[in-house]
Amino acid sequence: MAEPLVLNSVIGFGGQIDNGLIVHPDGRTLIYPLGSTIVLRDRTDPRSQEFLQGHSDKVSCLALSRSGKYLATGQITYMGFTADIIIWDLESKQLLHRMALHKVKVQALDFSCDERYLASLGGQDDNALVLWDVQTGNAICGSPTATNFTTCVKFFNNSNDKLVTAGNFNLNVWTYDGVNNKLRPQDASLGTLKRVFKTISIDSSDQHVNCGTTTGDVLQIALERVLFKNTGPAKGNVQMGITASCEAPTGDLLVGGGDGSLQVLRTAPEPSSTNPKLLRKMPALAATKLEGAVTSISLADVSSRSINFYVGTAMCNIYKVTYEPATGRLKEELIQTAHADKINGLAFPYEYSEVFATCGVGFIRLWHLTTCRELLRIAVPNLECHCIAFTTDGSAILSGWSDGRIRAFGPQSGKIIFTINDAHQKAVTAIASTSDSSKIISGGEEGMVRVWRLGRTSQTLEASMKDHKGSVNCIRVKTADDECVSASSDGSCIIWDLHTYKRRTSLFSNTFFKSVVYHPDESQLVTTGTDRKITYWDAYDGNAIRIIDGSDGDEVNALAVDRDGEAIVSGGGDKLVKLWGYDEGHCYFVGVAHSGAVSGIGVTPDKQRIVSVGTEGGIFIWDYQRPQTQVDI
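- Under an unreviewed UniProt entry, the protein chain has the name Cilia- and flagella-associated protein 52 and belongs to Volvox reticuliferus.

In structure tokens form, the structure reads like this:
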């Protein structure tokens, strides 16, 4: 049996999950999801992280009990299966209960004020409201919510038997009847108003509920008789709808919009200046703008002069926002950033382990390994970066893009050094540098392998090699710069002579080759692809030496070998990071944390860490563990 690979730290934040960012009442911890993992991070030190792992797929919602003792998390699963809800004890970091009733997805969760009950909402395929006993983990009762989809649930702040649900054209106040063990709904009277509700916030005295809508307005409902009372903001609706809300201790409401706007609204009823019988619409007291749609707002701490919130956005940024009621100012500070979309690749500089680069849709980012901080962000809007590499002398970051261009950037300034226009007819899908940094070898989606000579002010095409009939997925260059190997989706790997620019040897297999690596002594090649196999080849004559099963049921996308050739690390569609002994081909360690396919993997040159990136946008940093060979035992 393979042992678990130890997860050291993560870079990422599931920003698309509504109310996914939570501040723990202890004043030190931020809680947020990343894929199937829950991250507990110190607010001041991003390296201080703990992980809760128990979900089999992407986490879809979180809820924290009032005292901070319990955390409930729900997940997505496959069509026709039930999705798990897990209750964690945050004092011992242990899994308390695993509950399953909802089909496909758990939409929202909330604890009652006394932590006795947990309310859960099923997703679009389930649409049921269920009440759970927190102590035993058993379901107490349940009810279908409404004919339309319901998106959010909230318990009253001072009563454990009343809760509010809202969704597409429905808003209900539910009362739990303990005698008959039933949930009884009361529909809100909104008159002619029809709204799709995205967020609900109940005031501390349980007098009103403020509901944010996709129209961009806030509806205030009096809870005593569930009647519509007021609306806001006074000066026009929020663009792209209201996506998150949180009540401030002053009684005001902080609302976030789909356009990244953040506003503080006064919700206390005030008579209108023109007609005293009518209420004045909620005025905005302060406003600011963030990057990405606001998906979660969590109250952090209160001082005599200011109130601090933590805000998460769909662009996977976490901000610390300070509101000063006296001056009416909102100040934001970026705390953490991450990829919001899939990551296509990663690269380390030659013989340097402190930094690494990742690429994805629209961005290249440079990260510091030990502090998990972003050092540099290079933005190229509306394009996708498919591959990335450092020149061996570290003078440039090379990148291949979906518009067929090769772009090189300064690793410290981020400024563009040169662009090779029309480097390939379609996207540039693979790139590598020779060890003297005088040439670039690139592969294209159309199957061309091209060699470019780098001059001081020019980049000239040395050779264009057309033998592949599918896209080139990976290129590796020998240390002596006399040959390179290209792996392609046409089922072939070709070893090219870099003096004559002719093919030396070909490796054929019934697969789409995804990745290829040289053993450090360069006598062997290791390939992988869609046939789930990891294959060892003789680099001289191209014969297969050994074939091992890299995965049970999914393709293997990424391969890396450590600098001494002791271990191979692989990752793929099964979302697992596997560490193999190179000589014996045995899997010794398996890392579970990704919720999407692993798209890139690397071992740091100092053999201390393994870094893996995935299609969910997460960067996972693992402790490198040496394979225990038979000789060691």
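Alright, that's what it looks like, and here's the rest.
## Focus: the pattern of salt bridges
Pairing is possible between side chains of opposite charge, provided their charged atoms come close.
Then, number 1: Tallying each qualifying case throughout the model produces 27 salt bridges.
Then, number 2: With a closest N to O distance of 3.2 Å, D497 and R504 form a salt bridge.
Then, number 3: Residues joined by salt bridges that share partners form a network here, namely D562, R563, D564, E566, K607 and R626.

## Examining the packing of aromatic side chains
Ring pairs (aromatic) are described by centroid distance and by the angle formed between their planes.
Then, number 1: Counted according to the given criterion, the structure contains seven aromatic pairs.
Then, number 2: Measuring from ring centre to ring centre gives 6.4 Å for F513 and W537, while their planes differ by 65 degrees; the resulting arrangement is edge-to-face. With F513 in strand β45 (residues 513-518) and W537 in strand β47 (residues 533-538), the pair connects residues that are 24 residues apart, well separated along the chain. Of the two residues, F513 and W537, neither departs from the other in class, the shared state being buried.

## Considering the sheet that holds strand β20 (residues 208-213)
Then, number 1: Spatial ordering of the open sheet is given by β19-β20-β21-β22, a layout of four strands whose pairing is antiparallel. Looking at which strands have only one partner, the edges of the open sheet turn out to be β19 (197-202) and β22 (227-232). Each adjacent strand pair in this sheet contributes to an overall mean axis angle of 25 degrees, direction not counted.
Then, number 2: In this sheet, β22 lies alongside strand β21 (residues 218-222) in antiparallel orientation, the contact comprising five bridges. Each residue of the ladder has a partner; that of I221, found in β22, is F228.

## Examining the sheet that holds strand β25 (residues 261-265)
Then, number 1: Here four strands make up an open sheet; going across it, the order is β23-β24-β25-β26 and the pairing antiparallel. Two strands close off the open sheet at either side, each with one partner strand: β23 (242-247) and β26 (284-289). Along the sheet, successive strands turn relative to each other by an average axial angle of 20 degrees, direction set aside.
Then, number 2: Pairing analysis gives five bridges linking β25 to β26, with the strands arranged antiparallel. Counterpart to V264 in the pairing with β26 is A286.

## Some details on unusual backbone geometry
Then, number 1: Here the amide bond leading from G232 into P233 is cis, since omega sits at -10 degrees, within 30 degrees of zero.
Then, number 2: The residue P233 is located in the loop between β22 and β23 in this model.
Then, number 3: At M240, a position not held by glycine, the phi torsion is positive, near 60 degrees.
Then, number 4: Relative to the helices and strands, M240 resides in the loop between β22 and β23.

## Side note on the pairing of strand β37 (residues 428-433)
Then, number 1: The element β37 is extensively covered by neighbouring structure, given that six of its six residues are classed as buried.
Then, number 2: Here β37 pairs with strand β38 (residues 439-444) via five bridges, running antiparallel. Bridging across to β38, S433 finds its partner in I440.
Then, number 3: As consecutive antiparallel partners, β37 and β38 are separated by five residues, and within that stretch S437 has a phi angle of approximately 60 degrees, a positive value.

## Regarding the UniProt feature "domain: WDR90 4th beta-propeller" (unreviewed entry) in the protein chain
Then, number 1: With numbering aligned to this structure, UniProt lists the feature "domain: WDR90 4th beta-propeller" (unreviewed entry) at residues 344-507.
Then, number 2: The span residues 344-507 shows a helical share of 0% and a strand share of 62%, and its end C-alpha atoms are spaced 25 Å apart.

## Re the pairing of strand β46 (residues 524-529)
Then, number 1: Extensive coverage of β46 is indicated by the burial of five of its six residues.
Then, number 2: In this sheet, β46 lies alongside β45 in antiparallel orientation, the contact comprising five bridges. Each bridged residue has a counterpart across the sheet, and for V517 the counterpart in β46 is V526.
Then, number 3: Hairpin connection of β45 to β46: five residues between the antiparallel strands, including E522 at a positive phi of 65 degrees.
Then, number 4: Two elements, β46 and β47, share five bridges in a ladder whose sense is antiparallel.

About the criteria used
Residues numbered from 1 in each chain as written. Predicted model: local features only at pLDDT ≥ 70, side-chain atom pairs only at ≥ 80, totals over all residues. Heavy atoms only, no water. Salt bridge = Lys/Arg side-chain N within 4 Å of Asp/Glu carboxyl O. Phe/Tyr/Trp six-rings, centres within 6.5 Å; stacked < 30°, edge-to-face > 60°. Helix = DSSP H or I, 4+ residues; strand = E, 2+ residues; numbered from the N terminus. Buried < 20%, exposed > 50% of the residue type's maximum accessible area, 1.4 Å probe, protein only. Pairing = 2+ DSSP bridges. Axes fitted to C-alpha atoms, helices over the stretch in contact; angles between N-to-C directions. UniProt positions renumbered as here; feature names shortened; annotations may be inferred.

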